[in-house]
Amino acid sequence: AALRRGPLPMPKGKNLLSCCGLGLWQTAAQYTFYYSAVALLTGAMGGILNSTQSFMGVILAHFLYGNKDRKAIGCALGFSGVLVATLGNHGSGSPAGVTYMLIASVIFALAGPWNKAVTQKVDSFTVSCLNLGVGGAALLVIGLVLGGSLHPQSFGAVPVLLFLAFISGAGYVIWALLMKNNP
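In this text the structure is predicted, and so the values were computed from the model without any measurement. (Residues numbered from 1 in each chain as written. Predicted model: local features only at pLDDT ≥ 70, side-chain atom pairs only at ≥ 80, totals over all residues. Heavy atoms only, no water.)

*Asks:* Sorry if this is basic, but what is going on with the overall build of the protein chain here?
*Replies:* Scanning the protein chain from terminus to terminus reveals seven helices and zero strands. N-terminal to C-terminal, the α/β element order of the protein chain is α-α-α-α-α-α-α. Sorting the 183 residues of the protein chain into buried and exposed places 28% on the buried side. Nonlocal contacts in the protein chain, meaning residues at least 24 apart in sequence, comprise 86% of its contacts between residues at least 6 apart. (Helix = DSSP H or I, 4+ residues; strand = E, 2+ residues; numbered from the N terminus. Buried < 20%, exposed > 50% of the residue type's maximum accessible area, 1.4 Å probe, protein only. Contact = heavy atoms within 4.5 Å.)

Okay, here's the thing in structure tokens:
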């Protein structure tokens, strides 16, 4: 549908602020904690902890949307299982890394209902573009201020980077549509 129309319908006022705030929260804040955690954890430990996003999202949805109690109990048990699996997993990363990954998971879980509310008022594709654009710009500024840089090793790396950004964005747009249209 996005390919068949003209320019994106740009929200105004509070809706524009909500889209930009969502980008700072869901993209910039979440990825700041996520990648800080990834730097401090092993791949296995990071993957296990990252799976808590799903559990936290369903548990939060239970309280917001009144899902069945058994689902919430199942998710709470699953979340507990993930935490138990990480206990005693010495050498897999720092306590700060574990904390950062759990914070990133909480941010993601809290962003879901916010995204759902915003996409009820603003086109999902527009919300996704603003979210990723504002959040990505904030991450770029933070990275540059902290001394980071981007140096593609070859010309062929640029199309690969753009393709990966497209895939990520397309997945996010689909997620936003699903959040908008499903409980």
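The rest of the description comes next.
*Asks:* I would appreciate a short explanation of the packing of helix α1 (residues 13–40) against helix α5 (residues 95–121) in the present structure.
*Replies:* Each packed pair of helices is defined by two parameters, the angle between the axes and the distance between the axes. Viewed as axis vectors pointing N to C, α1 and α5 meet at an angle of 160°, and their least axial separation amounts to 8 Å. Comparing their axes, α5 and α1 come out roughly antiparallel. Along this stretch, α1 crosses α5, giving a crossing that reads as left-handed. Considering only residue class, the contact of α1 with α5 consists of 20 nonpolar, eight polar and one charged. (Axes fitted to C-alpha atoms, helices over the stretch in contact; angles between N-to-C directions. Parallel < 35°, antiparallel > 145°, perpendicular 65-115°, else oblique. Left-handed = near helix turned anticlockwise from the far one by under 90°. Nonpolar A, V, L, I, M, F, W, Y, C, P; charged D, E, K, R; others polar.)

*Asks:* Looking at this model, I keep getting lost on the packing of aromatic side chains. Mind explaining?
*Replies:* Two measures describe an aromatic ring pair: the distance that separates the ring centres and the angle between the ring planes. Evaluated as defined, the whole model comprises four aromatic pairs. Members of the aromatic cluster, joined through ring pairs, are Y31, Y34 and Y35. (Phe/Tyr/Trp six-rings, centres within 6.5 Å; stacked < 30°, edge-to-face > 60°.)

*Asks:* What is the right way to look at the environment of T52 in this model?
*Replies:* Structurally, T52 can be placed in helix α3 (residues 52–65). Classification of T52 by relative accessible area gives buried; the value is 0%. For T52 and S105, which are 53 residues apart along the polypeptide, the C-alpha to C-alpha distance reads 6.3 Å. Those residues in contact with T52 that lie beyond four places of it in its chain are F79, V82, L102 and S105.

*Asks:* What is the right way to look at the side chain of T126 in this model?
*Replies:* Mapped onto the secondary structure, T126 falls in helix α6 (residues 124–145). Classification of T126 by relative accessible area gives buried; the value is 1%.

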